Amino acid sequence: MKGSQNIIDSLNDGLTIELTAINLYFISSKMCKDWGFDKLAKHFYDESIEEMKHAEQVIDRILYLDGVPEIARYDVIRVGQTVEEQIQNSLALETKGVATYNEAIELCRQEKDAGSRELMDQMVVESEESIDWCESQLELIKQVGIQNYLAEQIRE
């Protein structure tokens, strides 16, 4: 089915966020594992896999619309040197993702593409859940201190 080029471009903007997130979460997972923070390593690994599934869904939609998925585009991958930086970087990327998808959702409404809108609605909800997790972790760090927070992240 030939889709709107504007919608395809918006989906590719979302794909850029998803591909960036895969890499951000994967490197955060590997670093946390190396530091001995197994609980966080698992969380970030699971997020990386979730983002891979999101990328797959977006790619499938672009292909359905007879578009070309732009898989070589990435946003800046900000590798945190500490757990707190990793969480802050995740929060920034997820926030950007919500904004990107919300703009695309509005475009979908204008162009009457309910299928793409439904997919992007799902992406917004899941990104908002990730934002909530990041904000909760940063608040925990603020409340209990980084050492106490990290002590809880050692074992899964």
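Presented here is an overview of the structure given in this document. All residue numbers refer to positions counted from 1 along the written sequence of the respective chain. In view of the model being predicted, local features appear only for residues whose pLDDT reaches at least 70, and side-chain atom pairs are presented and counted only at 80 or more, with totals across whole chains, interfaces and linings using the full set of residues. Think of the side-chain values as coming from all heavy atoms in the structure, minus any hydrogens and water.

## A few points about the pattern of salt bridges
And then number 1: Between Lys or Arg on one side and Asp or Glu on the other, a salt bridge is scored when a side-chain nitrogen of the former is within 4 Å of a carboxyl oxygen of the latter. Enumeration according to the criterion identifies eight salt bridges in this entry.
And then number 2: Across the pair arginine 73 and glutamate 70 runs a salt bridge, and its minimum N-O distance is 2.6 Å.
And then number 3: For glutamate 70, a relative accessible area of 30% translates into the label partly exposed.
And then number 4: For the salt bridge of aspartate 75 with lysine 96, the shortest nitrogen-to-oxygen distance reads 2.4 Å. Whether a residue is buried, partly exposed or exposed follows from its accessible area with a 1.4 Å probe, protein chains only, as a fraction of its type maximum: under 20%, in between, or over 50%, in that order.

## Here we look at helix α4 (residues 114-144)
And then number 1: Going along the chain from the N terminus, every DSSP run of H or I of four or more residues is numbered as a helix, and every run of E of two or more is numbered as a strand. The span you would expect from a helix comes to 1.5 Å times its residue count less one. Compared with the 45 Å implied by 1.5 Å per residue over 31 residues, the 45 Å span of α4 between its first and last C-alpha is a close match.
And then number 2: Capping the start of α4 is the job of one residue whose side-chain oxygen sits 3.4 Å from the backbone nitrogen of glycine 115: aspartate 113.
And then number 3: Glycine 145 sits one or two residues past α4 and shows a positive phi near 90°. Polar contact is defined as a pair of N or O atoms within 3.5 Å, subject to the rule that within protein one atom must be able to donate a hydrogen and the other to accept it, and that residues adjacent in sequence are counted only when both atoms are side-chain atoms.

## Here we look at the nonpolar core
Across soluble globular proteins, nonpolar side chains have a tendency to be buried as a group.
And then number 1: In terms of nonpolar packing, the biggest core is built from 39 residues, with Leu11, Val58, Val83 and Ile87 touching the most fellow members.
And then number 2: For this core, the secondary-structure elements that each account for two or more residues are α1 (5-35), α2 (38-64), α3 (83-110), α4 and α5 (146-151).
And then number 3: Ranked by residues supplied to this core, first place goes to α1 with eleven residues.
And then number 4: Among all residues touching valine 58, those that are not within four sequence positions of it are Leu11, Leu15, Tyr101, Leu119 and Met123. Here the nonpolar core consists of buried residues drawn from Ala, Val, Leu, Ile, Met, Phe, Trp, Tyr and Cys, with membership extended through side-chain atoms lying within 4.5 Å. Here, residues are in contact when the closest pair of their heavy atoms is within 4.5 Å.

## Structural notes on the packing of aromatic side chains
And then number 1: Between rings of Phe, Tyr and Trp, where Trp is taken as its six-membered ring, a pair exists when centres lie within 6.5 Å; planes separated by under 30 degrees are stacked, by over 60 edge-to-face, and by other angles tilted. On inspection of all chains with the given rule, the structure shows two aromatic pairs.
And then number 2: When the centroid spacing of 6.0 Å and the interplanar angle of 25° are considered together, the rings of tyrosine 25 and phenylalanine 44 count as stacked. Separated by 19 residues along the polypeptide, tyrosine 25 in helix α1 and phenylalanine 44 in helix α2 bring together distant segments of the chain.
And then number 3: Measuring from ring centre to ring centre gives 6.1 Å for phenylalanine 44 and tryptophan 133, while their planes differ by 80°; the resulting arrangement is edge-to-face.

## Thoughts on α2
And then number 1: Under the 1.5 Å per step criterion, the end-to-end length of α2 is 39 Å for 27 residues, consistent within 8% with the ideal 39 Å.
And then number 2: Looking at the residues trailing α2, positive phi occurs at aspartate 66, about 65°.

## Observations concerning a nonpolar patch on the surface
And then number 1: A cluster of nonpolar side chains, namely Ile27, Tyr74, Ile77 and Val79, defines an oily patch on the protein surface of about 300 Å² accessible area.
And then number 2: Positionally, isoleucine 27 belongs in helix α1.
And then number 3: Taking the relative accessible area as the measure of exposure, isoleucine 27 reaches 31% and is therefore partly exposed. The patch calculation keeps residues exceeding 30% relative accessible area without a salt bridge and links them within 9 Å when they carry like charges or within 5 Å when they are nonpolar (Val, Leu, Ile, Met, Phe, Trp, Tyr). Surface accessibility in these figures is a Shrake-Rupley result with a 1.4 Å probe; residues are shielded only by whichever protein chains are displayed.

## Topic: the packing of α1 against α3
And then number 1: To obtain each axis, a line is fitted to C-alpha atoms, and for helices this fit is confined to the stretch in contact; angles are then taken between N-to-C directions over 0 to 180 degrees. Interaxial distance between α1 and α3 falls to 10 Å at its minimum, and their mutual angle equals 165°. In terms of orientation, α1 and α3 fall into the roughly antiparallel class. The chirality of how α1 crosses α3 is left-handed. Throughout this description, any angle smaller than 35 degrees is read as roughly parallel, any larger than 145 degrees as roughly antiparallel, any in the 65 to 115 degree range as roughly perpendicular, and the remainder as oblique. Crossings are assigned a handedness: left-handed for a near helix turned anticlockwise from the far helix by less than a right angle, right-handed for a clockwise turn.

## Examining a negative patch on the surface
And then number 1: The convention is simple: Lys and Arg are positive, Asp and Glu are negative, and His and the chain ends are not counted. By convention, the point assigned to a charge is CZ for Arg, NZ for Lys, CD for Glu and CG for Asp. A cluster of like negative charges, contributed by Glu128, Glu129, Asp132 and Glu135, occupies part of the molecular surface.
And then number 2: Following the sequence through the fold, glutamate 128 ends up in helix α4.
And then number 3: Classification of glutamate 128 by relative accessible area gives partly exposed; the value is 41%.

## A few points about the packing of α1 against α4
And then number 1: Contact pair α1 / α4: the axes reach a minimum separation of 12 Å and the direction vectors enclose 30°. When the interaxial angle is binned, α1 and α4 end up roughly parallel. In the packing of α1 onto α4, the handedness of the crossing is left-handed. Between α1 and α4, the contacting residues are Ile7, Leu11, Glu18 and Tyr25 on the first element and Ser116, Leu119, Met120, Met123 and Ser130 on the second.

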